Amino acid sequence: MSPKPTNPLHIGQRNIKTAVACCICALLYFLIDRNPTFACIGVIFGMGSDMSNSKLHGGNRFFGTLIGGLLGMFLFRLYIIFYPQGGLHFFLLIPLFIGVVLLILFCQWFRWVGAVQPGGVVLCIILFNTPVETYISYSLNRIVDTGIGVLIALAVNALLPRERLEKWLHKKSSC
């Protein structure tokens, strides 16, 4: 049995970098009068303990959103050919089944299996919760917003690597 940590509540470097990156992202989105929600989610998923971890998690999030969004648009388009009014219908089970199978296959093919979960989330949101009039703009906005959030997380992680933060925090604590 491992020893119990003495202080389970700890504000660490990743915590600070994630908060900084979220605030930068939200500020940029406020300046262009856009809702920062999904870009900030991209930041949170994209921030890792180091750059390679950030690339892995951010890549999972972005690639999953890209594949899930594109599949969702395509399959929803096929669905509204048969049901132009949209809405929930048992026929949605067919595009859902096909979409999940294709999503997993694409993620396996591109060797990015960690993208299945975020891709599945976007796919389900598009199929079950997006109005007919906005499914394309919704999908494209999720892809772009996620990409921007992941890029901001990567930029903050590159500008504030662990070594630089440790030096800065050490100087602050010795003052």
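Described below are features of the structure shown in this document. These numbers were taken from a predicted model, which means no experiment stands behind them.

Reading the values: the criteria
- Residues numbered from 1 in each chain as written.
- Predicted model: local features only at pLDDT ≥ 70, side-chain atom pairs only at ≥ 80, totals over all residues.
- Heavy atoms only, no water.
- Buried < 20%, exposed > 50% of the residue type's maximum accessible area, 1.4 Å probe, protein only.
- Helix = DSSP H or I, 4+ residues; strand = E, 2+ residues; numbered from the N terminus.
- Arc of directions from axis to C-beta.
- Contact = heavy atoms within 4.5 Å.
- Axes fitted to C-alpha atoms, helices over the stretch in contact; angles between N-to-C directions.
- Parallel < 35°, antiparallel > 145°, perpendicular 65-115°, else oblique.
- Nonpolar A, V, L, I, M, F, W, Y, C, P; charged D, E, K, R; others polar.
- Phe/Tyr/Trp six-rings, centres within 6.5 Å; stacked < 30°, edge-to-face > 60°.
- Lys NZ or Arg CZ within 6 Å of the ring centre and 35° of its normal.
- Core = buried A, V, L, I, M, F, W, Y, C linked by side-chain atoms within 4.5 Å.

A word on helix α2 (residues 37-46)
In an α-helix there are 3.6 residues to a turn, and that puts residues three or four apart on one side. Taken residue by residue, α2 has Ala 39, Cys 40, Gly 42, Val 43 and Gly 46 as its buried positions. Buried residues along α2 cover an arc of 150° about the axis, so they all sit on one side. Each element contacted by the buried residues of α2 is listed here: α1 (13-31), α3 (51-82) and α6 (135-159).

With respect to the packing of α2 against α3
Running from N to C, α2 and α3 point in directions that differ by 140°, and their axes come no closer than 7 Å. Looking at the two axes, α2 sits oblique to α3. Where α2 approaches α3, its residues Ile 41, Phe 45 and Gly 46 are matched on the opposing element by Ser 54, His 57, Gly 58 and Arg 61. Along the lines of polarity and charge, the residues of the contact of α2 with α3 split into two nonpolar, four polar and one charged.

Quick word on unusual backbone geometry
Backbone geometry at Asp 33 places phi at a positive 55°, although glycine is not the residue there. What makes Asp 33 exposed here is its relative accessible area of 73%. The phi dihedral of Arg 111 falls on the positive side, at around 55°, and the residue is not glycine. With respect to the helices, strands and loops of the structure, Arg 111 is situated in the loop between α4 (93-109) and α5 (116-129). According to the relative accessible area criterion, Arg 111 is exposed, its value standing at 76%.

A closer look at the environment of Phe 110
For Phe 110, the position within the fold is in the loop between α4 and α5. Overall, Phe 110 belongs to the partly exposed group, its relative accessible area being 41%.

Side note on the packing of aromatic side chains
Counted under the stated rule, the structure contains ten aromatic pairs. Between Phe 76 and Tyr 79 the ring centres are 5.7 Å apart and the planes differ by 45°, which places this aromatic pair in the tilted class. Placement of the pair is Phe 76 and Tyr 79 together in helix α3, with a separation of three residues, close to one helical turn. Looking at Tyr 79, the relative accessible area reads 0%, which means it is buried. Residues Tyr 83 and Phe 91 carry aromatic rings whose centres are separated by 5.6 Å and whose planes lie at 50° to one another, so their mutual orientation is tilted. We classify Tyr 83 as partly exposed; its relative accessible area is 22%. Using a relative accessible area of 23% as the deciding quantity, one classes Phe 91 as partly exposed. Members of the aromatic cluster, connected to one another through ring pairs, are Phe 76, Tyr 79, Phe 82, Tyr 83, Phe 91 and Tyr 135. Note that Arg 142 overlies the ring of Tyr 138, its terminal NZ or CZ placed 4.6 Å from the centroid.

Section: the environment of Cys 25
You can see Cys 25 is positioned in helix α1. Sequence-wise, Cys 25 and Ala 153 are 128 residues apart; in three dimensions their C-alpha atoms are separated by 8.8 Å. The residues contacting Cys 25, other than those within four sequence positions of it, are Ala 39, Cys 40, Val 43, Gly 149 and Ile 152.

A closer look at the nonpolar core
Phe 76 and Leu 127 are the most contacted members of the largest nonpolar core, which has 18 residues in total. Mapped by element, the contributors of at least two residues to this core are α3, α4, α5 and α6. Looking at which element gives the most residues to this core, the answer is α3, with eight residues. Not counting residues up to four positions away in its chain, the partners in contact with Phe 76 are Ile 126, Leu 127, Thr 130, Val 132 and Tyr 135. With twelve residues, the next largest nonpolar core counts Ala 21, Cys 22, Ala 26 and Val 156 among its residues.

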